[in-house]
Amino acid sequence: METHLLTEEKRRVRRELKESSAGFSERYVAEASRAVCERVLQSREFQEAAVVFGYLSFRKEISVDAVLEAALRLGKIVAVPWIISRTEMKAARLVSLENLPLDRYGIRTAPEPVEPISPEALELMLVPGAGFSETGGRMGRGAGFYDRFLEETKGFSLGVTCDKLLWETIPMETHDQTMDALVTETKWILCAGA
Ligand SMILES: Nc1nc2c(c(=O)[nH]1)N(C=O)[C@@H](CNc1ccc(C(=O)N[C@@H](CCC(=O)O)C(=O)O)cc1)CN2
Ligand SMILES: Nc1ncnc2c1ncn2[C@@H]1O[C@H](COP(=O)(O)OP(=O)(O)OP(=O)(O)O)[C@@H](O)[C@H]1O
């Protein structure tokens, strides 16, 4: 597809996905989050990972707090996004989910002093997104943070979403990173290339 047409298409899909998730009830998000976390905790990928990169949910995102809490209890190293600039994020170690400060987007983040974790050390990455496709395509929030960050990682990338944000196709550009697998409240999808 021609570049400007793809950009148009991405903008349209991003808007539709955003409208869809904005309409989710608190109850749907809470129930989907519980089911998603259970699936992740039961997975071999989680059980075998010594270093887990998660995220601290905001708005209507699926919460993986229960996964991060369990990882900490199991003695795994846990890291979350640490915003460095308008385009770059790094991984910051998280030792507790209590009393976290907010970053510039109002998302909970690791408190100072931050302990950076090398992207190459991450074994499992839990990746949020505006929407995903069954083949592992992902649409983020439009800032390119994850696309840039995931290029530096070697671990297993797991897109975390719910059935309502899992579409047949998502417009993708060459820099867009695809997921190794996806998890929703009803399924675990292994994507080609994993
Ligand atoms: N929980 C969580 N943490 C995360 C991300 C995420 O998607 N989820 N990120 C993933 O990148 C990074 C933060 N990126 C963000 C990018 C944009 C906006 C934002 O508020 N954008 C506005 C304006 C966009 C628009 O209107 O076009 C918005 O969404 O309303 C927030 C966070 C790192 N941390
Ligand atoms: N690896 C990259 N190198 C350089 N620029 C990039 C890279 N990835 C994304 N960008 C740029 O970042 C901007 C946002 O990209 P895109 O719309 O793909 O973000 P996204 O996948 O929705 O966001 P995110 O990755 O933060 O969740 C675009 O201008 C894009 O060209």
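Note that the structure is predicted; figures quoted are calculated from it, not measured.

### Side note on the site of ligand 1
Okay, so step 1: Lys18, Leu56, Arg59, Glu61 and Arg141 are the nearest of the 16 residues found near ligand 1.
Okay, so step 2: Lys18 has a polar side-chain atom sitting 3.1 Å from an oxygen atom of ligand 1.
Okay, so step 3: Note that a nitrogen atom of ligand 1 is positioned 2.8 Å from one of the backbone N or O atoms of Leu56.
Okay, so step 4: Compared with its free state, where it exposes 670 Å², ligand 1 has 75% of that area covered by protein.
Okay, so step 5: Secondary structure elements with two or more residues in the shell around ligand 1: β2 (77-83) and α5 (145-150).
Okay, so step 6: Along the lines of polarity and charge, the residues of the shell around ligand 1 split into 11 nonpolar, one polar and four charged.

### Overview of the site of ligand 2
Okay, so step 1: With respect to spatial proximity, 15 residues lie near ligand 2, and among them Arg14, Arg138, Phe145, Asp147 and Glu151 are the closest.
Okay, so step 2: Here an oxygen atom of ligand 2 and a side-chain polar atom of Arg14 are 2.7 Å apart.
Okay, so step 3: With respect to ligand 2, the backbone of Phe145 contributes an N or O atom lying 2.7 Å from an oxygen atom.
Okay, so step 4: Of all the elements in the fold, those that place two or more residues in the shell around ligand 2 are α1 (3-22) and α5.
Okay, so step 5: Top contributing element to the shell around ligand 2 by residue count: α5, with four residues.
Okay, so step 6: Along the lines of polarity and charge, the residues of the shell around ligand 2 split into three nonpolar, four polar and eight charged.

### As for the UniProt feature "binding site: substrate" (unreviewed entry) in the protein chain
Okay, so step 1: Per the UniProt record, "binding site: substrate" (unreviewed entry) is annotated on Leu56 and Glu61.
Okay, so step 2: Inspection of the secondary structure puts Leu56 in the loop between β1 (51-53) and α4 (65-73).
Okay, so step 3: According to the relative accessible area criterion, Leu56 is buried, its value standing at 3%.
Okay, so step 4: If sequence neighbours within four positions are ignored, Leu56 has contacts with Glu61, Asp65, Leu68, Val80, Leu94, Leu97, Leu100, Ile107, Arg108 and Thr109.
Okay, so step 5: Residue placement: Glu61 occurs in the loop between β1 and α4.
Okay, so step 6: Apart from residues lying up to four places away in sequence, Glu61 is in contact with Val29, Ser33, Tyr55, Leu56, Pro128 and Arg141.

Definitions and limits used
Residues numbered from 1 in each chain as written. Chains lettered and ligands numbered in written order. Predicted model: local features only at pLDDT ≥ 70, side-chain atom pairs only at ≥ 80, totals over all residues. Heavy atoms only, no water. Near = heavy atom within 4 Å. Polar contact = N/O pair within 3.5 Å; in protein donor to acceptor, adjacent residues only side chain to side chain. Areas by Shrake-Rupley, 256 points an atom, 1.4 Å probe, with all protein chains shown as cover. Helix = DSSP H or I, 4+ residues; strand = E, 2+ residues; numbered from the N terminus. Nonpolar A, V, L, I, M, F, W, Y, C, P; charged D, E, K, R; others polar. UniProt positions renumbered as here; feature names shortened; annotations may be inferred. Buried < 20%, exposed > 50% of the residue type's maximum accessible area, 1.4 Å probe, protein only. Contact = heavy atoms within 4.5 Å.

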